[in-house]
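Residues per chain are reported as follows:
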Amino acid sequence: MITLEDNKKYYISKEIENDNVTYVYLTNLEDVTDFCIRKKDGSKENLIGLENEEEVKKALDLYKESFN
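Owing to the predicted nature of the structure, the values given are computational and were not obtained by experimental measurement.

This next bit is on the environment of V32. By the element assignment, V32 lies in the loop between β3 (21-28) and β4 (35-40). Given the relative accessible area of 66%, V32 is considered exposed.

Structural data, given as structure tokens:
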């Protein structure tokens with residue numbers, strides 16, 4: 001479980017590594033429709049935001065592909 005900058009607790013629902021980047025998919029424990037994506041920084045210890053819309057699309061595509 002992780003507490004994000006909004007002070008809400010999120011469950012790590014999935015982690016996917018691609019091209020040396022680990023995407024972390026998070027779901028709010030109190031509202032499962034509240035879903036977000038972060039990635040691990042270079043140290044693999046902190047979560048940071050995605051850089052742009054293209055990276056968000058890539059992360060969502062990876063998530064979708066993980067269920068095939």
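Right, let's get into the side chain of T22. Structurally, the position occupied by T22 is in strand β3. In terms of polar contacts, T22 uses its side chain to reach the side chain of K44, at 3.3 Å. For T22, the residues in contact, after removing those within four places along its chain, are E15, I16, E17, R38, K39, K40 and K44.

Right, let's get into the environment of L60. Relative to the assigned elements, L60 resides in helix α1 (residues 53-65). Look at L60 and you get partly exposed, because its relative accessible area is 41%. Through-space distance from the C-alpha of L60 to that of L29 is 20 Å; in sequence the pair is 31 residues apart.

All right, on to the sheet that holds β4 then. Strand order in this open sheet of five strands is β1-β2-β3-β4-β5, and the pairing throughout is antiparallel. This sheet does not close on itself; its edge strands, each paired only once, are β1 (2-3) and β5 (47-48). Both strand β2 (residues 9-18) and β3 contribute to a ladder of eight bridges, which runs antiparallel. From the neighbouring strand, E15 faces β3, where its bridge partner is V24. Along the sheet face, α1 touches β2, β3 and β4 and points at about 80° away from the line of β3.

Turning next to the packing of aromatic side chains. Taken as a whole, this structure holds four aromatic pairs when the rule is applied. With centroids separated by 6.3 Å and ring planes inclined at 25°, the aromatic side chains of Y25 and F35 adopt a geometry described as stacked. Remark: F35 occurs in strand β4 and Y25 occurs in strand β3; sequence separation between them is ten residues. On the basis of relative accessibility, which here comes to 0%, the residue Y25 falls in the buried class. Both rings, one in Y63 and one in F67, keep their centres 5.2 Å apart while their planes meet at 75°; by these two values the pair is edge-to-face. An aromatic cluster is built from Y25, F35, Y63 and F67, whose rings are joined through pairwise contacts. K14 extends its terminal NZ or CZ atom over the ring of F67, reaching a point 4.9 Å from the ring centre.

About the criteria used
Residues numbered from 1 in each chain as written. Predicted model: local features only at pLDDT ≥ 70, side-chain atom pairs only at ≥ 80, totals over all residues. Heavy atoms only, no water. Helix = DSSP H or I, 4+ residues; strand = E, 2+ residues; numbered from the N terminus. Buried < 20%, exposed > 50% of the residue type's maximum accessible area, 1.4 Å probe, protein only. Polar contact = N/O pair within 3.5 Å; in protein donor to acceptor, adjacent residues only side chain to side chain. Contact = heavy atoms within 4.5 Å. Pairing = 2+ DSSP bridges. Axes fitted to C-alpha atoms, helices over the stretch in contact; angles between N-to-C directions. Phe/Tyr/Trp six-rings, centres within 6.5 Å; stacked < 30°, edge-to-face > 60°. Lys NZ or Arg CZ within 6 Å of the ring centre and 35° of its normal.

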